[in-house]
Number of protein chains: 2
Amino acid sequence: MTAGLSFDIIDVRAGVEEENEKYAGEVRAFCREHGIYLVNLMASPGAGKTTVLCRLIDALREDPPAGFPGAVGVIEADVDADVDARTVAERGAKTVQLHTGGSCHMDAAMTLRGLKALCGENEGAGSPRIVFLENVGNLVCPAEFDVGADLKLMILSVPEGDDKPLKYPLMFTVSECLLVNKTDTAEVFDFDLDRCVRNVRALNEEMPVFPLSGRTGEGFEPFVSWLRDRIAESRAER
Amino acid sequence: MTAGLSFDIIDVRAGVEEENEKYAGEVRAFCREHGIYLVNLMASPGAGKTTVLCRLIDALREDPPAGFPGAVGVIEADVDADVDARTVAERGAKTVQLHTGGSCHMDAAMTLRGLKALCGENEGAGSPRIVFLENVGNLVCPAEFDVGADLKLMILSVPEGDDKPLKYPLMFTVSECLLVNKTDTAEVFDFDLDRCVRNVRALNEEMPVFPLSGRTGEGFEPFVSWLRDRIAESRAER
């Protein structure tokens, strides 16, 4: 605590999350059986998840990872509405919209249901083998729920600030790749990428960090290339 | 659904929230007894809650509402860390930091605990009579929990986008005042204030909307003036 400042710190509730693991195992088994690579995409509201997703749908269709057809599927999770599902469906992704009702995150059971709706019946060549779960916009609870994905991908956007790893540490700890989005707006925000990365490194030494702009596409290629390799490797391992 | 787009919509979980009401009643009784006006401040991560709060601390100290001393108290709720508590304590607010552990929102029981820590023992003139609860950064669950506040105040920031009322309808429905923050960054974002207000009005016909910039202070005075009147009126009603 800074000298001269005086305030109490009280722990009001310990975090406990339930027996989600059984369903996460079922998700993994389903993905293995159907040859699906599943990405859990997490971020705050308005961080640019859908815009990034649209670029990924294009990039993976044009140049698919080795061993994967280019069809991309999207599970859109929202408390309500279907604006993002429309956007990604218009972009050509096979899409399912999940409404989570009052829930601020996806758990593994919901994910399994979405996966089965998206890939279950259709065993043909058009069935998506790369599936993105666009989680509810939230930096807290989604981090607590292992949905059984192959990759936990998170976005932090420049307008949110470089201090977010300090306030939402679990999200930055469990994620396996960080996109720092909206770099095209950097001149109007006091966002220090080096400070952000230092804050991230205190929690997560290995996670790759890709600064990029979903809007302009700047910085996108290194990330897509990394993701393509990672998906292709997962195929080789199976 | 737009013609030609085909996707299923599945309700995966009904929202249920518990017997928070008993504690909300205790919060109201505590506030009545101690002459406290309590504001529940809600927003996404990085929407500018703390910056707005700092300006409010200054404005209410310099020109307090009729019948209220100018001392402002802040209950900072975070999953972890105390960066915001330091900031508002440096600004001169009496502050308590609550750590919510794994919880992504404040409930009324936690709020009562924070209030008692902030205002309980100290019955002197310096005890804060205007208290802001800076809720966890989240547009979902905080909306579901009535913490017993006199005013539900929410912030939406320009970088988040004008479609947020569509995706997080409950927050925009239950809130009683909306600040559209970071208007100084409007030129780099495709944010249409009229469209935003239309989206809000579909959910909430009466809520006042104040566009402003926490950073530059632009647009702040009409909001502070509205808040000052509202606080003074609450005093008159008691």
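Residues numbered from 1 in each chain as written. Chains lettered and ligands numbered in written order. Predicted model: local features only at pLDDT ≥ 70, side-chain atom pairs only at ≥ 80, totals over all residues. Heavy atoms only, no water.

S.K.: Please clarify how the overall build of chain A should be interpreted in this entry.
M.R.: Within chain A, the secondary structure is distributed over 8 helices and 8 strands. A burial count over chain A gives 59% of its 238 residues as buried. Long-range pairs, those at least 24 residues apart, make up 74% of the contacts in chain A between residues at least 6 apart in sequence. Surface exposure of chain A reaches about 9,100 Å², of which carbon and sulfur atoms provide 48%. (Helix = DSSP H or I, 4+ residues; strand = E, 2+ residues; numbered from the N terminus. Buried < 20%, exposed > 50% of the residue type's maximum accessible area, 1.4 Å probe, protein only. Contact = heavy atoms within 4.5 Å. Areas by Shrake-Rupley, 256 points an atom, 1.4 Å probe, with all protein chains shown as cover.)

S.K.: Looking at this structure, I do not really get the nonpolar core. What am I missing?
M.R.: In terms of nonpolar packing, the biggest core is built from 82 residues, with A:Leu115 and B:Leu115 touching the most fellow members. Apart from residues lying up to four places away in sequence, B:Leu115 is in contact with B:Val27, B:Phe30, B:Cys31, B:Ile36, B:Leu38, B:Ile75, B:Gly120 and B:Val131. (Core = buried A, V, L, I, M, F, W, Y, C linked by side-chain atoms within 4.5 Å.)

S.K.: Explain the packing of aromatic side chains here, please?
M.R.: Aromatic ring pairs are defined here through the distance separating the ring centres and the angle between the ring planes. Scanning the model with the defined rule gives 8 aromatic pairs over all chains in all. Taking the centre distance of 5.6 Å and the plane angle of 55° together, the rings of B:Phe210 and B:Phe223 count as tilted. In this pair, B:Phe210 sits in strand S8 (residues 209-211) while B:Phe223 sits in helix H8 (residues 220-237), placing the two residues 13 residues apart along the sequence. Like B:Phe223, B:Phe210 is buried. Relative to B:Trp226, the ring of B:Phe223 lies with its centre 6.5 Å away and its plane at 25°, an arrangement referred to as stacked. Here B:Phe223 pairs with B:Trp226, and both are found in helix H8, just 3 residues apart, close to one helical turn. Judged by relative accessible area, which is 0%, B:Phe223 ranks as buried. Look at B:Trp226 and you get partly exposed, because its relative accessible area is 22%. Within the aromatic cluster, the residues linked to one another by ring pairs are A:Phe210, A:Phe220, A:Phe223 and A:Trp226. Over the face of the ring belonging to A:Tyr23 we find A:Lys22, whose NZ or CZ atom lies 4.1 Å from the ring centre. (Phe/Tyr/Trp six-rings, centres within 6.5 Å; stacked < 30°, edge-to-face > 60°. Lys NZ or Arg CZ within 6 Å of the ring centre and 35° of its normal.)

S.K.: Help me understand helix H3 (residues 83-90) of chain A, please; the structure alone is not making it clear to me.
M.R.: Turning to H3(A), its buried residues number three or more, namely A:Asp84, A:Ala85, A:Val88 and A:Ala89. Seen from one end, H3(A) has its buried residues packed into an arc of 130°, which puts them on one side. Check the buried side of H3(A) and you find it contacts helix H2 (49-62), strand S3 (72-78), strand S4 (94-99) and strand S5 (130-134) of chain A together with helix H5 (164-167) of chain B. Following H3(A) by one or two positions, A:Gly92 adopts a phi angle in the positive range, close to 105°. (Arc of directions from axis to C-beta.)

S.K.: Can you help me understand unusual backbone geometry in this one?
M.R.: The phi angle of most residues is negative, glycine excepted, and most peptide bonds adopt the trans form. The phi dihedral of A:Lys182 is positive, around 65°, even though this residue is not glycine. Relative to the assigned elements, A:Lys182 resides in the loop between strand S7 (177-181) and helix H7 (193-201). On the basis of relative accessible area, A:Lys182 is assigned to the buried category, the value being 12%. One non-glycine residue with positive phi stands out, namely B:Ala81, at about 75°. Tracing the chain through its elements places B:Ala81 in the loop between strand S3 (72-78) and helix H3 (83-90).

S.K.: Where do I start with the pairing of S5(A) in this structure?
M.R.: The side chains of a regular strand alternate, first on one face of the sheet and then on the other. Residue and element names in this part refer to chain A. With respect to burial, S5 is a largely interior element, 5 of its 5 residues being buried. Neither face of S5 is left uncovered, since the one carrying Ile-130, Phe-132 and Glu-134 and the one carrying Val-131 and Leu-133 both have all their residues buried. Note that strand S2 (residues 37-43) and S5 share 5 bridges and pair parallel. Opposite Leu-41, over in S5, you have Glu-134 as the bridge partner. Sheet topology note: the S3/S5 ladder contains 5 bridges and is parallel. Of the residues in S5, the one forming a bridge with Ile-75 is Leu-133. (Pairing = 2+ DSSP bridges.)

S.K.: Which parts of the structure should I look at to understand the packing of helix H2 (residues 49-62) of chain B against H3(B)?
M.R.: Axis angle and axis distance: for two packed helices, these are the angle between their axes and the distance between the axes, and together they describe the pair. All names here are of chain B. With their axes 10 Å apart at the nearest point, H2 and H3 run at an angle of 20° to one another. Relative to H3, H2 is oriented roughly parallel. H3 is crossed by H2, and the crossing has right-handed handedness. Where H2 approaches H3, its residues Thr-50, Leu-53, Cys-54 and Ile-57 are matched on the opposing element by Asp-84, Thr-87 and Val-88. (Axes fitted to C-alpha atoms, helices over the stretch in contact; angles between N-to-C directions. Parallel < 35°, antiparallel > 145°, perpendicular 65-115°, else oblique. Left-handed = near helix turned anticlockwise from the far one by under 90°.)

S.K.: Would you explain the packing of H2(A) against helix H8 (residues 220-237) of chain A in this entry?
M.R.: All names here are of chain A. Where H2 meets H8, the closest approach of the two axes is 11 Å, and the angle between their N-to-C directions is 60°. Relative to H8, H2 is oriented oblique. For the pair H2 and H8, the sense of crossing is right-handed. On H8, the residues touching Val-52, Arg-55, Leu-56, Ala-59 and Leu-60 of H2 are Phe-220, Phe-223, Val-224, Leu-227 and Arg-228. In terms of residue class, the contact of H2 with H8 is built from 8 nonpolar, no polar and 2 charged. (Nonpolar A, V, L, I, M, F, W, Y, C, P; charged D, E, K, R; others polar.)

S.K.: Would you take a moment to explain the pattern of salt bridges for this structure?
M.R.: Between side chains of opposite charge, a pair can form when the charged atoms approach closely. A full pass over the atoms with the stated rule returns 28 salt bridges over all chains. With its nearest N and O atoms 3.5 Å apart, the salt bridge here joins B:Arg61 to B:Asp58. Of this pair, B:Arg61 and B:Asp58 both sit in helix H2, 3 residues apart, which is roughly one turn of the helix. One continuous salt-bridge network, built from bridges that share partners, spans A:Asp84, B:Asp163, B:Lys164 and B:Lys167. (Salt bridge = Lys/Arg side-chain N within 4 Å of Asp/Glu carboxyl O.)

S.K.: Please explain the confidence of the model for chain A as it appears in this structure.
M.R.: For any part of a model where pLDDT is low, the fine detail of the predicted coordinates should not be relied upon. Residues and elements named next belong to chain A. In the predicted model, chain A carries a mean pLDDT of 89, and the fraction of residues at 70 or more is 89%. Predicted confidence is poor over residues 12-16, with pLDDT under 50, and the contacts of this stretch with residues over four places away or in other chains come to 16 contacts. Model confidence for the complex: the whole-complex pTM is 0.86, and ipTM, which rates the interface, is 0.80. (pLDDT = per-residue confidence, 0-100.)

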